[in-house]
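Summary of structural features
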Amino acid sequence: MTRRELDAAGITGAGLREAYRHCRELNARHGRTYFLATRMLAPAQRPAVHALYGFARRLDDLVDEPAPGATPDSIAATLLDVEERFLKELAAGTSDDPLRMAVIDTATRHGIPEPYFRAFFTSMRMDLTVTGYPTRAALDEYVHGSAEVIGLQVLPILGTVVPRAEAAPRAAALGKAFQLTNFLRDVAEDLERGRVYLPADELAAAGVDRDRLAWCARTRRLDPAVRRALAEQVAATRRVYAEARPGIAMLHPASRPCVRTAYVLYGGILDRIEAVDYNVFGGRARVPRHRRLAAAGDALVRAQWARRRHPAVT
């Protein structure tokens, strides 16, 4: 964390400043694309975003990259212990753990409600036992805690030009759209972990079940039924993007270039899935590097211009 960012955010006290630096280093090391996106935000916004990323990353790793010998029961016990400790510390307003210290300070400064964190823990626990979702409603329950609340947590940091409650559904929808995009891109990878993040009833309507998906992953080929099912899922995800899009104009002008760029690049993953005829099993769908760099460069220029014209981000 640079001194300029910490000073701009009004973060004082050696211990707290060091806690935020720890989060920044974690983000830079493990979330390179996400870290680069934060460079489009105002310096005062970056520490809080790094803190939220670091916290989510730690919990994700606890579930998806467990220690050798860990079992679902032992991971669940650890997760419950972390949750209880964190909620107590959140109520007290401090922690002796650097990462939790930073995220608690962020939550306090920006008025992030406790239920958003509880919902995230709930979805992390679901990943320990739930391997599939029978309906869209069941998947939506998981996505609320794993993605929608992330959009809601970040919203007060980005700032709005309308009442926050008006922008909140759009922020939640954007988090959901990004998560659904990940699910489509990572079907094969998730199958390796024994999970399917697509509604089983919607797949069944297209003649697809888990075994058919597993065959596609094993052979790296696509059959007509799976192609049809994935096309329908892409179309459903695009509808969520359309729901989220008006929210960009509701953000503080200095925050819009960053969010708009994320919107375009994540939506571009759907374009790539369509370009390979929905064969997400033949390799990971990626937006070409030249397009990512061009979008990032344009956004950085727009962000700097917006910050000069609208310096306050509150």
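Our next topic: helix H13 (residues 224-244). Taking 1.5 Å as the rise per residue, H13 with 21 residues should run 30 Å; its terminal C-alpha atoms sit 31 Å apart, in good agreement. Within H13, burial applies to Ala 225, Val 226, Ala 229, Leu 230, Gln 233, Val 234, Ala 236, Thr 237, Val 240, Tyr 241 and Ala 244. At its buried positions, H13 is contacted by helix H8 (136-158), helix H9 (164-185), helix H11 (200-205), helix H12 (210-219) and helix H14 (256-275).

It is worth spelling out the side chain of Thr 38 at this point. One can find Thr 38 in helix H3 (residues 32-38). Apart from the residues within four sequence positions on either side, Thr 38 is in contact with Asn 27, Arg 46, Val 49 and His 50.

Structurally, Val 196 is set in the loop between helix H10 (187-192) and H11. Residue classification places Val 196 among the buried residues on the basis of a relative accessible area of 8%. When the C-alpha positions of Val 196 and Val 130 are compared, they lie 9.3 Å apart, and in sequence the two are 66 residues distant. The contacts of Val 196, once residues within four sequence positions are left out, are Thr 131, Gly 132, Tyr 133, Leu 191, Leu 203, Arg 210 and Leu 213.

Now for H8. Largest kink in H8: about 55°, centred on His 144. Of all the 23 residues making up H8, 17 are buried; the element is thus mostly covered by neighbouring parts of the structure. Gly 159, located one to two residues past H8, shows a positive phi value of around 85°.

Turning next to the packing of aromatic side chains. Inspection of the entire model under this criterion finds 13 aromatic pairs. Each ring, one from Tyr 133 and one from Tyr 142, has its centre 5.6 Å from the other, and the planes form 40°; the classification is tilted. Note on Tyr 142 and Phe 183: the rings are 6.4 Å apart at their centroids and 35° apart in plane angle, and the pair reads as tilted. With Tyr 142 in helix H8 and Phe 183 in helix H9, this residue pair connects regions lying 41 residues apart in the sequence. Taken together, the ring pairs in this structure connect Phe 55, Phe 86, Phe 117 and Phe 121 into an aromatic cluster.

Bringing unusual backbone geometry into the picture now. Phi at Arg 220 takes a positive value of approximately 60°, unusual for a residue other than glycine. Locating Arg 220 in the fold gives a position in the loop between H12 and H13. The backbone phi angle of Asp 277 is positive, close to 60°, even though this residue is not glycine. By the element assignment, Asp 277 lies in the loop between H14 and helix H15 (289-309). A relative accessible area of 38% means that Asp 277 is categorised as partly exposed.

By the definition in use, this model includes 22 salt bridges. Across the pair Asp 61 and Arg 57 runs a salt bridge whose closest N-O atoms are separated by 3.0 Å. Here Arg 57 and Asp 61 lie together in helix H4 (residues 46-64), a separation of four residues that amounts to about one turn. In the salt-bridge network here, residues are joined through shared partners; they are Glu 5, Arg 24, Arg 39 and Arg 46.

Let us look at the environment of Glu 18. By the element assignment, Glu 18 lies in helix H2 (residues 14-30). Classification of Glu 18 by relative accessible area gives partly exposed; the value is 44%. Sequence separation of Glu 18 and Leu 6 is 12 residues, and the distance between their C-alpha atoms is 9.9 Å.

A separate point is the environment of Gly 111. Its place among the elements puts Gly 111 in the loop between helix H6 (98-110) and helix H7 (114-129). Along the sequence, Gly 111 and Pro 156 sit 45 residues apart, while their C-alpha atoms lie 7.6 Å from each other.

Criteria and cut-off values
- Residues numbered from 1 in each chain as written.
- Predicted model: local features only at pLDDT ≥ 70, side-chain atom pairs only at ≥ 80, totals over all residues.
- Heavy atoms only, no water.
- Helix = DSSP H or I, 4+ residues; strand = E, 2+ residues; numbered from the N terminus.
- Expected span 1.5 Å × (residues − 1).
- Buried < 20%, exposed > 50% of the residue type's maximum accessible area, 1.4 Å probe, protein only.
- Contact = heavy atoms within 4.5 Å.
- Bend = angle between axes of the 7 residues up to and from the residue.
- Phe/Tyr/Trp six-rings, centres within 6.5 Å; stacked < 30°, edge-to-face > 60°.
- Salt bridge = Lys/Arg side-chain N within 4 Å of Asp/Glu carboxyl O.

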